[in-house]
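As a plain string of letters, each chain reads:
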Amino acid sequence: MSETSQTTYDLVLAGGTVVDPASGTDARLDVAVDGTVIAAIGPDLRGRAAKVVDCTGSTVLPGLVEGHTHIFQHVSKVGAPAEEAHLRRGVVAAADAGTAGASTFAAFRKLVVDATDMRIVNFLNVSVLGLIDFRFGELLNPGTLVVEDALETALANPDVVRGFKIRLSDDVVGDQWEPLLKKSIDLAEQARLPLMVHIGETEEPLPVVLGHLRPGDVVAHCYTGKPHGILDGDTVLPEVLAARERGVLFDSAHGKSNLSFEVARRAIAEGFLPDVLSSDTSARNWRGPVFDLLTSVSKLVALGAPLAECVRRATVAPAAMLGLDTEGYGRLEVGGPAHVTVVTETDEVVLPDAAGNSITAPRLEPVFVLHHGAEVDVVPWRGGTGA
Ligand SMILES: [Zn+2]
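Presented here is a report on the structure given in the accompanying data block. Here the residue numbers are simple positions, counted from 1 along each chain's written sequence. Predicted model: local features are reported for residues with pLDDT of at least 70 only, side-chain atom pairs are reported and counted for 80 or more only, and whole-chain, interface and lining totals are derived from all residues. Hydrogens and water molecules were not included; the side-chain quantities draw on all heavy atoms of the structure.

Bringing the overall build of the chain into the picture now. In terms of helices and strands, the chain carries eleven helices and 21 strands. Taken over C-alpha atoms, the radius of gyration comes to 21 Å for the chain, in line with the 21 Å a tight globule of 387 residues would show. Referenced to the eigenvectors of the C-alpha coordinate spread, the extents of the chain come out at roughly 75 × 45 × 40 Å. It only takes one pair of heavy atoms within 4.5 Å for two residues to be counted as in contact. Intrachain contacts of the chain at a sequence separation of at least 6 include 74% that bridge at least 24 residues. Surface accessibility of the chain: about 14,600 Å² in total, with carbon and sulfur atoms responsible for 49%. Considering the chain, the positive charge centre built from 32 side chains and the negative charge centre built from 51 side chains are found 3 Å apart. Under the DSSP-based scheme used, a helix requires at least four consecutive residues in state H or I and a strand at least two consecutive residues in state E, with every element numbered from the N terminus. Both definitions apply: the radius of gyration is a C-alpha atom measure, and the globule rule equals 2.2 Å times residues to the power 0.38. The Shrake-Rupley method, run with a 1.4 Å probe, gives the accessible areas here. Residue values count only the displayed protein chains as cover. Counting rule applied: Lys, Arg positive; Asp, Glu negative; His and chain ends not counted. We put the charge of a Lys on NZ, of an Arg on CZ, of an Asp on CG and of a Glu on CD.

What follows is the structure, given as structure tokens:
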């Protein structure tokens, strides 16, 4: 401290517990930021800071990455506002899961991707329409799956399109699920991209669907309480474990109707955590029962999943799935972009699932968020009373 030419940092987050699954860090450390990058991670950096944020008692995480959301606001009935629903709740990068299709992608790019500094990518809906209005299944006219259009859009927009999405519920695909799924796999194969499939209320049991999927493909809504989920009674189906073994990913995607605490509790007890922990935020659920990604994390922690494992699945794991790891997302790394989300645990609150049940548990609340080194104006939890 008495040295005259000590380096100083613009900002030091001091005294918190740093949990960064990418590097295996889980320790009380300071994080120093210079401009837009992380300058140092280590003990006792506070003395060299131009500004100190005291994080004592808090947990310092990489800026969160949302693997599955719906943010095509103004065009889709399910579109939530990207910044208010995500950035201002600690999420710095997000993937829209199939709200836009090839015919609506240009609008998605202009109204959503280009309208924010958040890093936004997507799974392009295999239907050219996308998910404009949930009342009318986008594939009930199977002719809306135009392989050439989807392929052309994906190839022309590699910075945004990181996969394709098909919803396999009865009310979306009718009895045509299998030919439509095969066509989608063929599209994904041509584009060399993953396919995300939405399960819950599929016509056939999950193992039949899994039989079509390739390593890297994603099953959304793995804790759904709807028919044809991952469980057989209390145990995870062997076909589900086998699919994971060969590289199929499972995404929790809470959503308005697809997180059952009963299913999640049993799966977690068996050691089956989702590969990606996502909220499936939309205009239909961001004021409850989903609220935001951190609330989805809090729910799985409350059901027995270890915090660091949940954080891994909401940071480095989705970053890798989306190809955003190469841009420094999902980790805290010296020289990397300063995306940091500081959280505290609240008192116990009532947290609902999507099946009409609730638990009482603490909730993780973002108290300080840095995005490219700049402080984000955090908004309060939308659940109201849960301070
Ligand atoms: Zn979704």
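Note on the zinc ion: its protein donors are His68 (NE2), His70 (NE2) and Asp280 (OD). The metal-donor distances range over 2.1 to 2.3 Å. A 2.8 Å cut-off from the metal defines N, O and S donors, relaxed to 3.2 Å for Na, K and Ca; water is not in the atom list, so some sites may appear incomplete. All donor residues of the zinc ion come from one chain, and their arrangement in sequence is H-x1-H-x209-D.

The next subject is a negative patch on the surface. Surface patches are drawn from residues lacking salt bridges whose relative accessible area is over 30%; two like charges belong together within 9 Å, two nonpolar side chains (Val, Leu, Ile, Met, Phe, Trp, Tyr) within 5 Å. Salt bridges are defined by distance alone: a side-chain nitrogen of Lys or Arg within 4 Å of a carboxyl oxygen of Asp or Glu. On the surface, Asp170, Asp171, Asp175 and Glu203 cluster together to form a negatively charged patch. Tracing the chain through its elements places Glu203 in the loop between strand E12 (195–198) and helix H6 (206–210).

All chains considered together, the criterion is met by 19 salt bridges. Between Arg109 and Asp159 there is a salt bridge whose closest N-O contact spans 2.6 Å. Taken together, the residues span a long stretch of sequence, with Arg109 in helix H2 (residues 105–113) and Asp159 in the loop between helix H3 (147–156) and strand E11 (161–167) at a distance of 50 residues. Any residue under 20% of the maximum accessible area for its type is buried, any over 50% is exposed, and the rest in between are partly exposed; the area is computed with a 1.4 Å probe on protein chains only. With relative accessibility at 32%, the residue Asp159 sits in the partly exposed group. A salt bridge links Glu327 to Arg119, with the shortest nitrogen-to-oxygen separation between them at 2.8 Å. In this pair, Glu327 sits in the loop between helix H11 (316–321) and strand E17 (340–345) while Arg119 sits in strand E10 (residues 119–125), placing the two residues 208 residues apart along the sequence. Given the relative accessible area of 32%, Glu327 is considered partly exposed.

For the rest of this paragraph, the subject is H3. Taken together, the buried positions of H3 are occupied by Val147, Ala150, Leu151, Thr153 and Ala154. Along the axis of H3, the buried positions cluster into a sector of 165 degrees, meaning they face one direction only. Structural note: H3 exposes Glu148, Glu152, Leu155 and Ala156 on the side pointing more than 90 degrees away from its buried face. Buried positions along H3 lie against H2, E10, E11 and helix H5 (177–191). Our arc is simply the arc of the directions from the helix axis toward the C-beta atoms.

Just geometry here; none of it tells us what the structure is for.
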